[in-house]
Amino acid sequence: MRKLLRTIHRFDDVTVTSNIDLTAEVNRREVEKNVYEYEFLLAWNEEQAKASDSKVVLVWSIPCVDVQYMWHPGCRARRVLDADWRLQIESMLTNSAPMAVLFNSVDLNTFTFATDEVKKVSSVRFGVDDDSNTIAGDIEMGLRQFVGKNRHRLLVRADFRRIPYYKAIDAVRTWWEGMLVPEPMTVPETARRPMYSSWYNFHQDIQAEELEKECALAQEMGMDTIIVDDGWQTDNSGGGYGYTGDWEVCREKISDMRGHVRRVHELGMKYMLWYSVPFVGYYSRNWERFQDKVLVRVDRNQAGVLDPRYPEVREFLINIYENALREYDLDGLKLDFIDRFKMQKGDHICAGMDYHCVQEATERLMTDIRKRLTDIREDIMIEFRQSYIGPGMRRFGNMFRVADCPGDIATNRIGIADLRMLNGNGTAVHSDMITWHNEESAEDAALQVLNTVFGVTQFSKRIGQMTTEHREMLAFWLAFERENVRVLQQSEFIPYEPHFLYPVIKAFDDTEEIIGVYAGDKVIHPDLTKRRSRIINATKAAVLYLTVEEGCSVELVKRDCRGYIVSQERAVLTPGIARIPVPRSGLLEIETERY
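Residue numbers here run from 1 along each chain, matching the order of that chain's written sequence. Predicted model: local features are reported for residues with pLDDT of at least 70 only, side-chain atom pairs are reported and counted for 80 or more only, and whole-chain, interface and lining totals are derived from all residues. Calculation of side-chain values draws on the structure's entire complement of heavy atoms; hydrogens and water are dropped beforehand.

Caption draft 1: Spotlight on the overall build of the protein chain. Helix and strand assignments follow DSSP, with helices taken as H or I runs no shorter than four residues and strands as E runs no shorter than two, numbered in order from the N terminus. Within the protein chain, the regular secondary structure consists of eleven helices and 33 strands. In this setup the radius of gyration rests on C-alpha atoms only. A globule is expected at 2.2 Å times the number of residues raised to 0.38. Taking 595 residues into account, the globule formula puts the C-alpha radius of gyration at 25 Å, and the protein chain, at 26 Å, falls close to it. Sorting the 595 residues of the protein chain into buried and exposed places 60% on the buried side. Residue contacts are counted whenever heavy atoms from the two residues lie within 4.5 Å of one another. Summarising the internal contacts of the protein chain: among those between residues at least 6 apart in sequence, 69% fall at separations of at least 24. The convention is simple: Lys and Arg are positive, Asp and Glu are negative, and His and the chain ends are not counted. To locate a charge, take NZ of a lysine, CZ of an arginine, CG of an aspartate or CD of a glutamate. One way to put it: in the protein chain the 76 positive side-chain charges average out to a point 2 Å from where the 92 negative ones average out. Summary of the burial criterion: residues with accessible area below 20% of their type's maximum are buried, those above 50% are exposed, and those between are partly exposed, where the area comes from a 1.4 Å probe applied to protein chains only.

And the structure:
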């Protein structure tokens, strides 16, 4: 019978509860003004912890004062302040991250909390308690995942400083980063340049010759890498993953993989290959070998999810990637669906496993993959995608991509901003692949690119079928990304008004800034003390509104969405709000001279 939670320890505004015999010691220290660390030293009855429902829950509350919105790593477009019983965030190594930010309507932090448990499964619940008008929450951890252990140290960070919300997020990132062993993977320069993907334009119907033709065009357009997605390993194009797990090249599609990769290299492009890491398909030869070593069978995908707690499963996967890297001379791997590695209800610990916790086994798998692949190619590129984008995963991948959102400019913009804040500049953040209909206007097609410009644009459209206007537009904006990669991706970064889904985004250094405007009639605030400002008009209105703090003499250059100059003039901007016509999906360049 399910045991009820009972209070184990009460400390100030935090209560420790559990449904098994457990002891707790709590220590708190102020690490800087209005920033606290709570240390929880937990110990429990190991035999009782084997029960499937055993858990510890830390319960807390704060006054709901000057809190209007919330943000967490998986919030996507939902930033509302919710009821405490409605919102629950599941975090683990392969999903999201254990933190949340409560902020007000002018982007200031009210309360940010995070835990250092970035590997094991934890559930964070928080929101408004309508009885007390407080922000109530709890952090729950199942104890069965600690089988073989009877104690744990958990740190919780609480930040009450009235600072911009993005600085509160960055402080958590720095806190986590100081704990990561090994350090996050280094990012090759190529990983920050636009890339070509085969997925939306070919899906599983790929042919080597067609890919090579597209690569030649993509390289001319400013893309340095191709990511060949699902389809290279099977002659079945019916979708699903029933034919994954053997990972042998389909000869009808690519007759000579090494020769194919060599020809792409000769065009001046890098080559990455897709793998659905955990899936072994029902129709693969390896299904018979591994069908009893899966976490779960997913019939709709026609595949099982391999269980990484078996050492032979881990070695099987690592050997696949090692052999592909050597045999085909690859530059990187897209490792997909790692978020499927998680413990299932009714899970059993079986003979042959060398780990009891799925997340610990996954960490071992990823640690070994990093070590053995970087031994072969030190500058290897490894792509992960939402939702396995937390701090622990930065050790194993150097490209984090927005989740699938074809045609969805808002989700790409939001995802890039969220990933940039969560992981800083030390990991390359990529868009989901952009694509559009051939009948789209050049200005509207450009919105797909402009909403990804503060990350790395991945492109997935057949270039050979594009119009001249679309080609010119794409070439201009990809060149803009490449030429400004330092400012766009590796400098200070501010996404404003998260509750309105970042209508203005700015990246800047000491001398220049780039601002993206994504909502019409916004009054933006360029820093005209800088030598150079460039403002992207990613709106449907052919005008921008700028505040001018001090009068200045400027050189204004206006470009359309294809990069052509439509006007160039010297002007004097006087204090107030300047209304400046700028083409839709165009660029305003400002060179400032003070007077």
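Caption draft 2: Region of the structure containing the nonpolar core. Within the largest apolar cluster, 123 residues are counted, with the highest numbers of intra-cluster contacts made by W232, L335 and W477. The element that contributes the greatest number of residues to this core is helix α6 (residues 311–328), accounting for nine residues. Dropping the residues within four chain positions of it, W477 is found in contact with A446, V449, L450, I536, C561, S585, G586 and L587. Listed in part, the 34 residues of the second largest apolar core include I20, L58, L143 and F146. Nonpolar cores were defined as sets of buried Ala, Val, Leu, Ile, Met, Phe, Trp, Tyr and Cys residues, with membership established by side-chain atoms within 4.5 Å.

Caption draft 3: Representation of the sheet that holds strand β7 (residues 88–91). Taking strand neighbours across the sheet as the criterion, the six strands line up as β1-β2-β5-β11-β10-β7 in an open arrangement whose pairing is antiparallel. Of all the strands in the sheet, the pair left with one neighbour each is β1 (6–11) and β7. Along the sheet, successive strands turn relative to each other by an average axial angle of 20 degrees, direction set aside. Pairing between two strands is assigned when DSSP locates at least 2 bridges connecting them. Inspection of the sheet shows strand β2 (residues 14–18) paired to strand β5 (residues 55–63) by five bridges, in the antiparallel sense. Across the sheet, the residue bridging to S18 is V56, located in β5. Geometry is summarised by axes, namely lines fitted to C-alpha atoms with helices restricted to the contacting stretch, and by angles between N-to-C directions that run from 0 to 180 degrees.

Caption draft 4: Expanded view of helix α7 (residues 358–376). Given the number of residues in a helix, its expected span is that number minus one, multiplied by 1.5 Å. Compared with the 27 Å implied by 1.5 Å per residue over 19 residues, the 27 Å span of α7 between its first and last C-alpha is a close match. Within α7, burial applies to V358, Q359, E360, A361, T362, E363, L365, M366, D368, I369 and L373. Next to the buried residues of α7 lie β17 (294–298), α6, β19 (332–336) and β20 (381–385).

Caption draft 5: Molecular detail of the environment of L154. Locating L154 in the fold gives a position in strand β12 (residues 151–159). For L154, a relative accessible area of 1% corresponds to the buried category. Non-local contacts of L154, meaning those with residues more than four positions away in its chain, are made with Y38, E39, F40, L58, T115, D116, E117 and M141.

Caption draft 6: Examining the sheet that holds β20 more closely. Here eight strands make up an open sheet; going across it, the order is β22-β21-β20-β19-β15-β14-β13-β23 and the pairing parallel. For this open sheet the edge positions go to β22 (428–430) and β23 (458–459), each flanked by a neighbour on one side alone. Of the strand pairs in this sheet, strand β13 (residues 195–197) and β23 are connected by two bridges, and their pairing is parallel. Residue M195 lies in a different strand from β23, and its bridge partner there is Q458.

Caption draft 7: Layout of the pattern of salt bridges. Here a salt bridge means any side-chain nitrogen of Lys or Arg lying within 4 Å of a carboxyl oxygen belonging to Asp or Glu. Enumeration according to the criterion identifies 59 salt bridges in this entry. Here R486 and D509 are joined by a salt bridge, their closest N and O atoms 2.3 Å apart. Of this pair, R486 sits in helix α11 (residues 485–490) while D509 is found in the loop between β25 (504–508) and β26 (512–517), placing the two residues 23 residues apart along the sequence.

Caption draft 8: Fine view of the side chain of E513. Relative to the elements of secondary structure, E513 occurs in strand β26. We call two N or O atoms a polar contact when they sit within 3.5 Å, provided that within protein one can donate a hydrogen and the other can accept it, with sequence-adjacent residues counted only if both atoms are side-chain atoms. Polar contacts involving the side chain of E513 include one to the main-chain amide nitrogen of D527, which spans 2.8 Å. Aside from chain neighbours lying at most four places away, what touches E513 is K506, A507, F508, P526, D527, K530, R532, S533 and R534.

Caption draft 9: Region of the structure containing the packing of aromatic side chains. A pair of aromatic rings is counted whenever rings of Phe, Tyr or Trp (Trp by its six-membered ring) have centres within 6.5 Å, and the orientation is called stacked for planes under 30 degrees apart, edge-to-face for over 60 and tilted otherwise. Inspection of every chain in the model, using the stated rule, returns 31 aromatic pairs. Note on Y196 and F459: the rings are 6.4 Å apart at their centroids and 50 degrees apart in plane angle, and the pair reads as tilted. Remark: F459 occurs in strand β23 and Y196 occurs in strand β13; sequence separation between them is 263 residues. Since its relative accessible area comes to 0%, Y196 is described here as buried. A network of ring pairs unites the aromatic residues W232, Y241, W247, W274, Y275, F279, Y321 and F337 as a single cluster. Here the guanidinium or amino end of R385 rests over the ring plane of F337, the centre of that ring lying 4.9 Å away. The rule is short: NZ of Lys or CZ of Arg within 6 Å of the ring centre and within 35 degrees of the ring normal puts a charge over the ring. The positively charged end of K506 is found above the aromatic ring belonging to F508, 5.3 Å away from the centroid.

Caption draft 10: Region of the structure containing helix α8 (residues 409–423). With 15 residues, α8 extends 21 Å between its outermost C-alpha atoms, agreeing within 8% with the 21 Å of an ideal straight helix rising 1.5 Å per residue. Of all the 15 residues making up α8, twelve are buried; the element is thus mostly covered by neighbouring parts of the structure. Restricting attention to buried positions, one finds in α8 the residues N412, R413, I414, G415, I416, A417, D418, L419, R420, M421, L422 and N423. Where α8 begins, the capping side chain belongs to D408, and its oxygen is found 3.2 Å from the backbone nitrogen of A410.

Caption draft 11: Region of interest: unusual backbone geometry. Look at the link from V181 to P182: it is a cis peptide, with omega at -5 degrees. Take P182: it is sitting in the loop between α1 (165–177) and β13. In this chain, Q386 is followed by S387 through a cis amide linkage whose omega measures 20 degrees. Positive phi, close to 55 degrees, is recorded for N133, a residue that is not glycine.

Caption draft 12: Layout of the state of the cysteines. Our working definition of a disulfide is a cysteine sulfur pair at a distance within 2.5 Å. Applying the stated criterion to the full structure yields zero disulfides. Take C357: it sits in no disulfide, and the sulfur closest to it among the cysteines is that of C350, at 15 Å. On the accessibility criterion, C357 (2% relative accessible area) is buried.

Caption draft 13: Structural view of the environment of L488. Examined against the element boundaries, L488 turns out to sit in helix α11. When the C-alpha positions of L488 and C75 are compared, they lie 24 Å apart, and in sequence the two are 413 residues distant.

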